[in-house]
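# Close look at the chain arrangement
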Amino acid sequence: MKCLRHAIQNKEQADVIRQVLVHRPAVHHWQMIAIATIMMVFSAPSFGQSTRGATEPILSNPPIPMAQRMELMRIARDTWRFYAADVDPNTHLPMDNFGANGLGTYTSAANIGVYLWAVVAANDLGLVSRPEARSLIQTTLTEVQGLKRFDGFLYQWYDTTTGTVIRNPGDTTDCSAETPTTDNCFFVSAVDNGWFASGLIVVRQAMPELASLVNSLMGQMDFSIFYDNGVETVCNVNAAGQPTGQMFGGYYVGIGPAGYHNGAFYSDPRIAIYIGMGLGQMPGNVWWRSWRALPPPAPYDNCAATDPDFSWQGQWPMGGSWQDYADPQSHQIFHVWEGHYTYPGTTINFVPTWAGGLFEGLMPNEVVPETSWGRRGFGLNDLRTAQVQIKYATEMLHYPVWGLSPSSTADDTGNYAGYGVEGLLFSYFGLGADTTTPNDGLSQCYACATEDVVTPHASFLALDVLPQQAFDNIQSLLSRYPGIYGAYGFFNAVDPTTGSIGHRYLVLTQSMIMAALDNALNDRAMQRHFARDPVSLAALTYLSAETLSIQ
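The present account deals with the structure reproduced in this document. This one's a predicted model, so the numbers in the text were calculated from it and none came from an experiment. (Residues numbered from 1 in each chain as written. Predicted model: local features only at pLDDT ≥ 70, side-chain atom pairs only at ≥ 80, totals over all residues. Heavy atoms only, no water.)

### A few points about the overall build of the protein chain
- When its secondary structure is counted, the protein chain shows 19 helices and 21 strands.
- A compact globule built from 551 residues would reach a C-alpha radius of gyration of about 24 Å, and the protein chain, at 23 Å, matches this within 12%.
- A buried classification covers 62% of the 551 residues belonging to the protein chain.
- Of the contacts made within the protein chain by residues no fewer than 6 positions apart, 71% connect residues no fewer than 24 positions apart.
- Placing the 28 positive and 48 negative side-chain charges of the protein chain at their respective mean positions leaves the two points 10 Å apart. (Helix = DSSP H or I, 4+ residues; strand = E, 2+ residues; numbered from the N terminus. Rg over C-alpha atoms; globule rule 2.2 N^0.38 Å. Buried < 20%, exposed > 50% of the residue type's maximum accessible area, 1.4 Å probe, protein only. Contact = heavy atoms within 4.5 Å. Lys, Arg positive; Asp, Glu negative; His and termini not counted. Charge placed at Lys NZ, Arg CZ, Asp CG, Glu CD.)

### Focus: the pairing of strand S11 (residues 319-326)
- Sheet analysis places S11 next to strand S12 (residues 333-342), joined by eight bridges and oriented antiparallel. Looking at S12, one finds that Asp324 is bridged to His335.
- Hairpin connection between S11 and S12: a loop of six residues separates the two successive antiparallel strands, and His331 in this loop has a positive phi of roughly 65 degrees. (Pairing = 2+ DSSP bridges.)

### Observations regarding the state of the cysteines
- For the coordinates displayed, the defined rule picks out three disulfides.
- Between the sulfur of Cys235 and that of Cys303 lies a disulfide, 2.0 Å long from S to S. Between Cys235 and Cys303, the S-S torsion sits near -85 degrees, and that sign places the bridge as left-handed. Pair noted here: Cys235 is in the loop between helix H8 (211-218) and strand S8 (250-252) and Cys303 is in helix H11 (residues 303-306), with a separation of 68 residues, a long-range link.
- Two residues share a disulfide in this structure: Cys445 and Cys448, whose sulfurs sit 1.7 Å from each other.
- What makes Cys448 partly exposed here is its relative accessible area of 41%. (Disulfide = S-S within 2.5 Å.)

### Some remarks on the sheet that holds strand S7 (residues 187-189)
- If you walk across this open sheet you meet the three strands as S7-S8-S9, and the pairing is antiparallel. Strands at the two margins of the open sheet, each flanked by one partner only, are S7 and strand S9 (256-257).
- As paired strands, S7 and S8 are joined by three bridges and run antiparallel to one another. When the bridges of S8 are listed, Val188 appears paired with Tyr251.

### Structural notes on helix H19 (residues 536-545)
- Within H19, 10 of the 10 residues are buried, which leaves the element mostly enclosed by the surrounding structure.
- All of the buried residues along H19 are Ser536, Leu537, Ala538, Ala539, Leu540, Thr541, Tyr542, Leu543, Ser544 and Ala545.

### Quick look at the packing of aromatic side chains
- Counted according to the given criterion, the structure contains 37 aromatic pairs.
- Ring centres 6.3 Å apart and planes at 65 degrees place the aromatic pair Phe47 and Tyr542 in the edge-to-face group. Note that Phe47 is positioned in the loop between helix H3 (29-43) and helix H4 (66-86) and Tyr542 in helix H19, a separation of 495 residues in sequence. Accessibility assignment for this pair places Phe47 and Tyr542 in one class, buried.
- Here the aromatic rings of Phe460 and Phe490 are separated by 5.7 Å at their centres, their planes lie at 65 degrees, and the arrangement is edge-to-face. Taken together, the residues span a long stretch of sequence, with Phe460 in helix H15 (residues 457-461) and Phe490 in strand S18 (residues 489-490) at a distance of 30 residues.
- With a relative accessible area of 1%, Phe460 lands in the buried category.
- The side chain of Lys148 reaches across the aromatic face of Tyr155, ending 5.4 Å from its centre. (Phe/Tyr/Trp six-rings, centres within 6.5 Å; stacked < 30°, edge-to-face > 60°. Lys NZ or Arg CZ within 6 Å of the ring centre and 35° of its normal.)

### Let's talk about the sheet that holds S12
- If you walk across this open sheet you meet the three strands as S11-S12-S13, and the pairing is antiparallel. Because the sheet does not close on itself, it has two edges, and the strands there are S11 and strand S13 (349-350).
- Bridge count for S12 against S13 is two bridges, and the pairing is antiparallel. Bridged to Tyr341 within S13 is Phe350.

### What about the pairing of S12?
- Counting buried positions over the 10 residues of S12 gives seven, a clear majority of the element.
- In this structure, the hairpin formed by S12 and S13 is closed by a connection of six residues, where Gly345 is found at a positive phi of approximately 80 degrees.

### Digging into the nonpolar core
- Ranked by size, the top nonpolar core spans 163 residues in total, and within it Phe226, Phe460 and Leu517 carry the most contacts.
- Sequence-distant contacts of Leu517, defined by excluding residues within four places in its chain, comprise Leu72, Ile75, Ala76, Leu125, Phe460, Leu463 and Asn522. (Core = buried A, V, L, I, M, F, W, Y, C linked by side-chain atoms within 4.5 Å.)

### Some words on the packing of helix H5 (residues 109-124) against helix H7 (residues 190-206)
- Two elements in contact, H5 and H7, have axes separated by 6 Å at closest approach and are oriented at 25 degrees. With respect to their mutual orientation, H5 and H7 come out roughly parallel. For H5 against H7, the interelement crossing comes out left-handed. When H5 is examined against H7, the residues Ala109, Ala110, Ile112, Gly113, Leu116, Trp117 and Val120 are found in contact with a partner set consisting of Asp192, Asn193, Trp195, Phe196, Ser198, Gly199, Leu200, Val202, Val203 and Ala206.
- Among the residues making up the contact of H5 with H7, the classes are represented as 12 nonpolar, four polar and one charged. (Axes fitted to C-alpha atoms, helices over the stretch in contact; angles between N-to-C directions. Parallel < 35°, antiparallel > 145°, perpendicular 65-115°, else oblique. Left-handed = near helix turned anticlockwise from the far one by under 90°. Nonpolar A, V, L, I, M, F, W, Y, C, P; charged D, E, K, R; others polar.)

### Quick word on the packing of H7 against H8
- At a minimum axis distance of 9 Å, the contact between H7 and H8 shows a crossing angle of 155 degrees. On the basis of their axis angle, the class for H7 and H8 is roughly antiparallel. Relative to H8, H7 is oriented so that their crossing is left-handed. Contacts between H7 and H8 involve Ala197, Leu200, Ile201, Val203 and Arg204 from the first element and Ala211, Val214, Asn215, Leu217 and Met218 from the second.

Pasting the structure below:
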């Protein structure tokens, strides 16, 4: 199948595929998916012109026992009550957070996007009527229409009491009076606007009566501003040392792209890649040029002399191989390092996130059906990521619960920090690691996060890949740390060793929980909304095309 996939260069060669279908009746189901996908690409319009969603089915969830359904619905009802207290009555924008440390009267593109998820999920689950859900969404999106934006994209932070752009939470600077500079007064984030766009797409399909409002907002957005279209080579970087073909982390209005790339593909910024490609605003290069694991020097030309030395990363050396892929749209051949980490002492292979946090890996799967469309690639890796989380937290850290992901700190200071499974208890020798002294960490960046806080939202994200283990962990959190649950569902963080709790609710994580419950209780409804939209065709095509080295 890999040879067949790489051989496809033009429409005429689709005849080869037809021959396989006729003469190889024992072809496997995953091969049928890939073949059907490639056939669809040859006959379908380009992603940016398509008027229909993906046709490949989404796998149904296994049945959930009634007692578990009732418990998850209870959590959904309590979590939904959060939003009545969270949405700012002045602007109808969701506040970032509230809790023991007060109100976080600021918001972001990501917060607004996932709030849209939550309203749709509440309607799917029967927690709010359709007219009320429609009114909530319409009121918020009407406010968004009046916010200061750049080519349709939202800036980094807004004051929810006034709707004005602010530099940072708590900063009263008047950004409109500033000269363009590289700060948040002028920054539009690729990943945050990806989450905003994902909410719009979900609304467009869940409530088509609001499609004109959604289209007026999305029609102004051009994700190509985040794409680095510099000169590419067969090496990992070009002659200027730039990893071109990847996605910039953002854009500074009046200045240009941010000076860094979201090069580590298996992390939450990939939502912007799915959408940018789906809108026809980013080419397939961004899929293949982004890095699964940070690659060794490419074995082409004189790449060894110019490619970066990534021997400092969490696991080096690693397993994997260079594979050639023909892009389904351009048919250009790309050399891709299909690398993976291996959990020390086991045969569990996985593609790491940047800092080991669970939402880095699993949050895109809340809307993009990775577990259905990428069963030999990123969907399978979603499962492996959850397995690594559980194994490390329970066996190495000896925690009674698991789920490490960025969250509030486990106290009432109102701080936020990075948490993740980094493998800090495994050996690490830094730059220059080799087969004699290997790095054995579990995330790409070593010591970018700590491992001392568990957050409940991680368990809900894992419901899609390990439903029983995730439910058991939710129950364990409730029984071991009863103070972690309040009037609006789960508080954001707990120290599993001391039991200290951060009594704060975040709209970002509350909305992850709502979307996860919609998928779990309503047969992946959130994913199905996204899949019906034309934007989803790119995700289906590329997820189905790739086979990672983690089999």
